Amino acid sequence: MDDSKSVLLFSNCIPVKGASRSAICDLQRNSFQLIPNTLYDILHDYRGKNTKEIKSLYDNEYDNEIDEYFKFLIDNELAFTTLEPELFPSIDFSWKSPYKIENSIIDIDENSCHPFEKIFKELNDLGCKSVQLRYFTINITVDDLIEDLRPSLDSRIKHIDIIMPYSKGFDYNKLFEAHERINFLTVYSAPENKTIQKFDTPIFYTVEKISSSQHCGIVYPANFSINIDHFKEALHGNSCLLGKISVDIDGFIRNCPSTPYKSGHINEISLLDAVVDESLREFWLINKDQIAVCQDCEFRYICTDCRAFTIDNEKYAKPSKCSYDPYNAEWSNPSDNPFN
Ligand code: SF4
Ligand code: SF4
């Protein structure tokens, strides 16, 4: 390797330091590579210096190790060499606080009596892009679903995700024909785990029973979101709740159906009033650097946070459904470990 050159990470490869190791998050290829913290320090502290200068900063005691580190980065297409590092600025992660709503969850059970016309109109007025409807009811028919979603037809909502129980003979084709914006359908309590791609919308069948909002909030690597939008969001706000407003099974407006604070009832106040409620908005801006343990985790900008289920129900505590310990780099639930 030519020591007169600098080794630079590609601009989409962002190193994040944890308590015991670091991760390079590749925001273009949606993946991450684990690296030792010593390599993170070299990349962070000496960015732009050439290899000769870096080696001499360590009194040339670790020349072989530094060569090995840089070879690893280049072999894994995370970095390149250049004589002109100043021509390659870092990505700009600046960000504007959102005022409007990005996404919403609406929970429904047998006793729910939601004013869908009002909800979809107000979500539309707030510029909401994605809505997830979670049905915790046993007997849902295709006509019920089509009717619940009918007011969304006149809205600018782009994506609708549905979580619903398995029902033998359910006419998915009729549902998708009526509502082309359905983006993803999860069918729980299914006879087997499988994904069907027969329609334009994928149907994900799971044997798991998703009977209430208590099933949300599990953090594991398969759910990591490794892309620039999520990374930016996690740097500046909450990676689950930023720009989210929801309606629980009883019609109360909350950040998500499982978070404790209620802003009011959907029959009494509008979502437009709720969205300016400071107690609700407060959760939008809790980022990982404010959360105990997570602030020392190398995955903090790519995992999705949960503020509803936290250790000891503390506002700034780690999600209780995450089994990762960044101080020992271990998943206490081995099946969560992506390297097992
Ligand atoms: S805060 Fe937790 S429970 Fe609520 S939507 Fe996010 S992950 Fe799910
Ligand atoms: S410790 Fe925190 S940041 Fe790390 S994976 Fe778990 S929830 Fe995410």
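Here the structure is a predicted model, which is why all the values come from computation and not from measurement. (Residues numbered from 1 in each chain as written. Chains lettered and ligands numbered in written order. Predicted model: local features only at pLDDT ≥ 70, side-chain atom pairs only at ≥ 80, totals over all residues. Heavy atoms only, no water.)

Draft legend 1. Summary view of the sheet that holds strand β4 (residues 31-35). The strand order across the open sheet built from 3 strands is β2-β3-β4, with neighbouring strands paired in antiparallel fashion. Here the strands that pair on one side only, and so sit at the sheet edges, are β2 (13-17) and β4. Ignoring which end each strand starts from, the neighbouring axes of this sheet average 25 degrees apart. As defined by bridge partners, strand β3 (residues 22-26) adjoins β4 across 5 bridges and the pair is classed as antiparallel. Bridge pairing in β4 links Ala 23 to Leu 34. Most of the contacts of helix α1 (residues 37-45) go to β2, to which it runs at about 120 degrees, and overall it touches β2, β3 and β4. (Pairing = 2+ DSSP bridges. Helix = DSSP H or I, 4+ residues; strand = E, 2+ residues; numbered from the N terminus. Axes fitted to C-alpha atoms, helices over the stretch in contact; angles between N-to-C directions. Contact = heavy atoms within 4.5 Å.)

Draft legend 2. Highlighting the side chain of Glu 298. Note on placement: Glu 298 falls in the loop between α9 (278-281) and β15 (324-325). Note on Glu 298: relative accessible area 0%, which makes it buried. In this structure the side chain of Glu 298 is engaged in a polar contact, spanning 2.4 Å, whose partner is the side chain of Tyr 324. When sequence neighbours within four positions are dropped, the list of residues in contact with Glu 298 reads Val 16, Lys 17, Gly 18, Arg 21, Ser 22, Ala 23, Leu 34, Tyr 324 and Pro 326. (Buried < 20%, exposed > 50% of the residue type's maximum accessible area, 1.4 Å probe, protein only. Polar contact = N/O pair within 3.5 Å; in protein donor to acceptor, adjacent residues only side chain to side chain.)

Draft legend 3. View of the sheet that holds strand β11 (residues 203-205). Taken together, 9 strands build an open sheet; the order of strands is β10-β11-β9-β8-β7-β6-β12-β13-β14 and the sheet is mixed. Because the sheet does not close on itself, it has two edges, and the strands there are β10 (194-196) and β14 (264-265). Relative to strand β13 (residues 252-254), strand β12 (residues 244-247) runs antiparallel, the two being bridged by 2 bridges. Bridging across to β13, Ser 246 finds its partner in Arg 254. Of the strands in this sheet, β6 (103-108), β7 (130-135) and β12 touch helix α4 (residues 116-125), which is tilted by about 170 degrees from β6. Helix-sheet contacts for helix α5 (residues 142-149) involve β7, β8 (159-165) and β9 (182-188), and the interaxial angle to β8 is about 150 degrees.

Draft legend 4. Representation of the site of ligand 1 within the structure. In the vicinity of ligand 1, the contacting residues are Ile 105, Cys 216, Gly 217, Cys 240, Leu 241, Cys 256, Ser 258, Asp 305, Cys 306, Arg 307, Ala 308 and Phe 309. Considering only residue class, the shell around ligand 1 consists of 8 nonpolar, 2 polar and 2 charged. (Near = heavy atom within 4 Å. Nonpolar A, V, L, I, M, F, W, Y, C, P; charged D, E, K, R; others polar.)

Draft legend 5. How the structure looks around unusual backbone geometry. Of note in this structure, Asp 312 is not a glycine but carries a positive phi near 55 degrees. Structurally, Asp 312 can be placed in the loop between α9 and β15. You can call Asp 312 exposed: its relative accessible area is 65%. In this structure, Ala 329 is a non-glycine residue whose phi angle is positive, near 55 degrees. Relative to the helices and strands, Ala 329 resides in the loop between β15 and β16 (330-331).

Draft legend 6. Inspection of the site of ligand 2 at higher detail. Taken together, Val 219, Lys 288, Cys 294, Cys 297, Arg 300, Cys 303, Lys 318, Pro 319 and Cys 322 make up all the residues around ligand 2. In terms of residue class, the shell around ligand 2 is built from 6 nonpolar, no polar and 3 charged.

Draft legend 7. A negative patch on the surface, seen in detail. Taken together, Asp 171, Glu 177, Glu 180 and Asp 200 make up a surface patch of like negative charges. Of note, Glu 177 is situated in helix α6 (residues 172-178). (Patch = residues over 30% accessible without salt bridge, like charges linked within 9 Å, V, L, I, M, F, W, Y side chains within 5 Å. Areas by Shrake-Rupley, 256 points an atom, 1.4 Å probe, with all protein chains shown as cover. Salt bridge = Lys/Arg side-chain N within 4 Å of Asp/Glu carboxyl O. Lys, Arg positive; Asp, Glu negative; His and termini not counted. Charge placed at Lys NZ, Arg CZ, Asp CG, Glu CD.)

Draft legend 8. Representation of the nonpolar core within the structure. Ranked by size, the top nonpolar core spans 42 residues in total, and within it Leu 123 and Leu 133 carry the most contacts. In this view, Leu 133 contacts Ile 106, Ile 108, Phe 116, Phe 120, Leu 149, Ile 160, Asp 161, Ile 162 and Ile 163; residues no more than four positions away in its chain are not counted. Formed by 19 residues, the second largest nonpolar core is a distinct cluster that contains Val 16, Ile 226, Ala 234 and Tyr 301. (Core = buried A, V, L, I, M, F, W, Y, C linked by side-chain atoms within 4.5 Å.)

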